[in-house]
Amino acid sequence: MNRNGNQVEARLWAAADELRANSKLKPSEYSVPVLGLVFLRYADHKFKAAAKELECSGGGRRKIGPADYHARGVVYLPEKARFSYLIQLPEGSNLGAAINDAMRAIEAENTDLREVLPKTYNRFENYLLKELLKTMNSVPMDIEGDAFGKIYEYFLGNFARAEGQKGGEFFTPTAIVKLIVGIIEPYHGRIYDPACGSGGMFVQSAHFVEEHRKNPGSELSIYGQEKVAETVRLGKMNLAVHGLGGDIRQGNAYYEDLHNSKAKFEYVMANPPFNVDRVDKDRLKDDPRFPFGLPKPDNANFLWIQMFYSALNDKGRAGFVMANSASDARGSELDIRKQLIESNSVDVMVAVGSNFFYTVTLPCTLWFLDRGKKNTDRADKVLFIDARHIYRQIDRAHRDWTPAQIEFLANIARLYRNEEPENLHDSQGLMDENFPDGKYVDVPGLCKGATLEDIEAQGWSLNPGRYVGVAAREEEDFDFKERLEELNEELEGLNVEARELEERIAENVVRLLEKD
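Since this is a predicted model, take the numbers as computed values, not measurements.

**Student:** So what's going on with the packing of aromatic side chains? Which residues, and what values?
**Tutor:** Considering all chains together, one arrives at 25 aromatic pairs under this definition. Measuring from ring centre to ring centre gives 6.5 Å for F39 and Y42, while their planes differ by 45°; the resulting arrangement is tilted. Note that F39 and Y42 are positioned in helix α2 (residues 27-58) at a spacing of three residues, about one turn of the helix. With respect to burial, F39 and Y42 carry one shared label: buried. Consider the rings of F292 and Y309, whose centres lie 5.0 Å apart with planes at 45°: the pair is tilted. A residue pair is termed long-range when its members are at least 10 positions apart, and F292 in the loop between β4 (265-270) and α13 (301-311) and Y309 in helix α13 qualify at 17 residues.

**Student:** Please set out helix α12 (residues 229-241) residue by residue, giving values where relevant.
**Tutor:** The terminal C-alpha atoms of α12, which comprises 13 residues, lie 19 Å apart, in line with the 18 Å expected from a rise of 1.5 Å per residue. Just beyond α12, the residue with positive phi is G243, at close to 70°.

**Student:** Any chance you could break down the domain arrangement of the protein for me, citing the residues and the numbers?
**Tutor:** Taken domain by domain, the protein consists of domain 1 (3-161) and domain 2 (166-466). Facing the 19 residues of domain 1 at the interface are 18 residues of domain 2. The junction of domain 1 with domain 2 conceals about 1800 Å² of combined surface from both sides, 69% of it contributed by carbon and sulfur atoms. The tally of links from domain 1 across to domain 2 stands at zero salt bridges. Seen at the junction of domain 1 and domain 2, the total is five residue pairs in polar contact (both at pLDDT 80 or more). Among the secondary structure elements, those contributing two or more residues to the side of domain 1 that touches domain 2 are α2 and α7 (147-163). It is α7 that contributes the most residues to the side of domain 1 that touches domain 2, nine residues altogether. A class-by-class count of the residues in the side of domain 1 that touches domain 2 yields 11 nonpolar, three polar and five charged.

**Student:** So what about the pairing of strand β9 (residues 392-395)? Which residues, and what values?
**Tutor:** Here three bridges tie β9 to strand β10 (residues 398-400), and the two strands are oriented antiparallel to one another. Considered in β10, the bridge of D395 is made with H398. Counted between consecutive antiparallel strands, the loop separating β9 from β10 contains two residues.

**Student:** Go over the packing of helix α9 (residues 174-184) against helix α15 (residues 403-416), please, and point to the residues and values.
**Tutor:** Remark: α9 packs on α15, axes separated minimally by 9 Å, with the N-to-C direction vectors making an angle of 25°. With respect to α15, the axis of α9 lies roughly parallel. By crossing handedness, the relation of α9 to α15 is classed as right-handed. Where α9 approaches α15, its residues A175, K178, L179, G182 and I183 are matched on the opposing element by I406, L409, A410, A413 and R414. For the contact of α9 with α15, the class distribution of residues is seven nonpolar, one polar and two charged.

**Student:** If you had to explain the sheet that holds strand β2 (residues 220-226) to someone new, which residues and values would you point to?
**Tutor:** Across the sheet, nine strands lie side by side as β3-β2-β1-β4-β5-β7-β6-β8-β11; this open sheet has mixed pairing. Whereas interior strands pair on both sides, the edge strands pair on one side only; in this sheet they are β3 (247-250) and β11 (447-451). Neighbour-to-neighbour, the strand axes of the sheet open up by a mean angle of 15°, direction not taken into account. In the sheet, strand β5 (residues 312-323) pairs with strand β7 (residues 364-370) via seven bridges, with the strands oriented antiparallel. Note that in β7 the partner of A323 across the bridge is C364. The sheet contacts of α15 involve β6 (346-352), β8 (381-386) and β11, and relative to β8 the element is tilted by about 160°.

**Student:** Lay out a negative patch on the surface with the relevant residues and their values.
**Tutor:** Taken together, the side chains of D380, E453, D454 and E456 present a region of like negative charge at the surface. Position of D380 among the secondary structure elements: in the loop between β7 and β8.

Rules and cut-offs
- Residues numbered from 1 in each chain as written.
- Predicted model: local features only at pLDDT ≥ 70, side-chain atom pairs only at ≥ 80, totals over all residues.
- Heavy atoms only, no water.
- Phe/Tyr/Trp six-rings, centres within 6.5 Å; stacked < 30°, edge-to-face > 60°.
- Helix = DSSP H or I, 4+ residues; strand = E, 2+ residues; numbered from the N terminus.
- Buried < 20%, exposed > 50% of the residue type's maximum accessible area, 1.4 Å probe, protein only.
- Expected span 1.5 Å × (residues − 1).
- Domains from an automatic or database assignment.
- Contact = heavy atoms within 4.5 Å.
- Buried area = accessible area lost by both parts, 1.4 Å probe.
- Salt bridge = Lys/Arg side-chain N within 4 Å of Asp/Glu carboxyl O.
- Polar contact = N/O pair within 3.5 Å; in protein donor to acceptor, adjacent residues only side chain to side chain.
- Nonpolar A, V, L, I, M, F, W, Y, C, P; charged D, E, K, R; others polar.
- Pairing = 2+ DSSP bridges.
- Axes fitted to C-alpha atoms, helices over the stretch in contact; angles between N-to-C directions.
- Parallel < 35°, antiparallel > 145°, perpendicular 65-115°, else oblique.
- Left-handed = near helix turned anticlockwise from the far one by under 90°.
- Patch = residues over 30% accessible without salt bridge, like charges linked within 9 Å, V, L, I, M, F, W, Y side chains within 5 Å.
- Areas by Shrake-Rupley, 256 points an atom, 1.4 Å probe, with all protein chains shown as cover.
- Lys, Arg positive; Asp, Glu negative; His and termini not counted.
- Charge placed at Lys NZ, Arg CZ, Asp CG, Glu CD.

Spelled out as structure tokens, the structure:
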């Protein structure tokens, strides 16, 4: 049995999900407290290991206290807040009250966790808490590496899927995050996410650094902002179980720039909400984060894009998820996009197919900015990648990328930048198939390096489909039924998007008429 692999996460999730199914709790009532128990089990695991070390090194000279644990980056656990104490409470004990008290005691001794941990366990029935504690207690004590972080991520992703629309607000599918990280390559510096959700961008950045044999704790500084208080708590627990520190603050990014972000960061990553309306632009008119002007449509997409651009320093890179409509938007949004392109900061655009997100089937586009490329031979070019036909089918409604596919897509950007491609995840076959000479070339249907003149000729569109073209197919490889299904699926996605736009236009017309 692979104790650090998916088997542990999957077994724990199956047990926890079965318990919820037999309870009266909704997924939204269940998720945060259960993630709190994952955190508690992790904290107990680290505390025991530190206690053993301190016992060996202390020599009885003085009493060991919270400061000794904090100095080792370990959460100090008072006796009644330890998992080992809670699991041994007798059957008739009020477990909900005991766990709430444990969480309060941990916060009192560890100021970084103040107001972070869940304290709603009194809503759970006693038998349910007892079974959950037993489930978490089954995690092997000799577990290695970032196993608790993986368990937390696994639970987070499954809860996001179960919670539907709300889940999409705090969780970005891991494959999408990994590709963003793979293309911007955050080796060292300050990372900022002004819509950080549960902190997935930070966690995957740390994984990237570890994979390249560096210590993320010394290489990365983490800064986040998130509007919803409960999601801030999820993000802080997520960092903690991965052994990461960071400065995540609660605030509305449209009106509050809590980290004074302008020109401050080496890396920006985000998955902001799409097509948000009713932002009060009067409050933004003197904000320096919007150097290309405020968009006239009641849509915040180009507010977010400018926030990301403005937060980068002279060599900074950004990668973020964006609605497809932003690539072709007209009017004042076109003017902003044109200025952004002419600033020589747009580096890579990736078209992503449908069904990658849990909450919507719509396709999206990944935007990548690089403020340092203006001093390179890529200054007046943009790389377009069409990844819509690269995916792994998870189930009928969901897709993702394999590690090899993610590495392959990131390697296209590396070749384009004259960097060495990687082969940590078996992408060599895909590389040989598409780039047999080991050098970047335009591949019809996959990638195209377009000049600013090309982009101007396309009306300043950043839609990869306009540039990449269609791959030539040999007749014997053409499966008419499969292709028809793909086109029909794409058409369904476009129809959904069209209906949403139609509703938005109708709402705006009504508002304009009401003003008159």
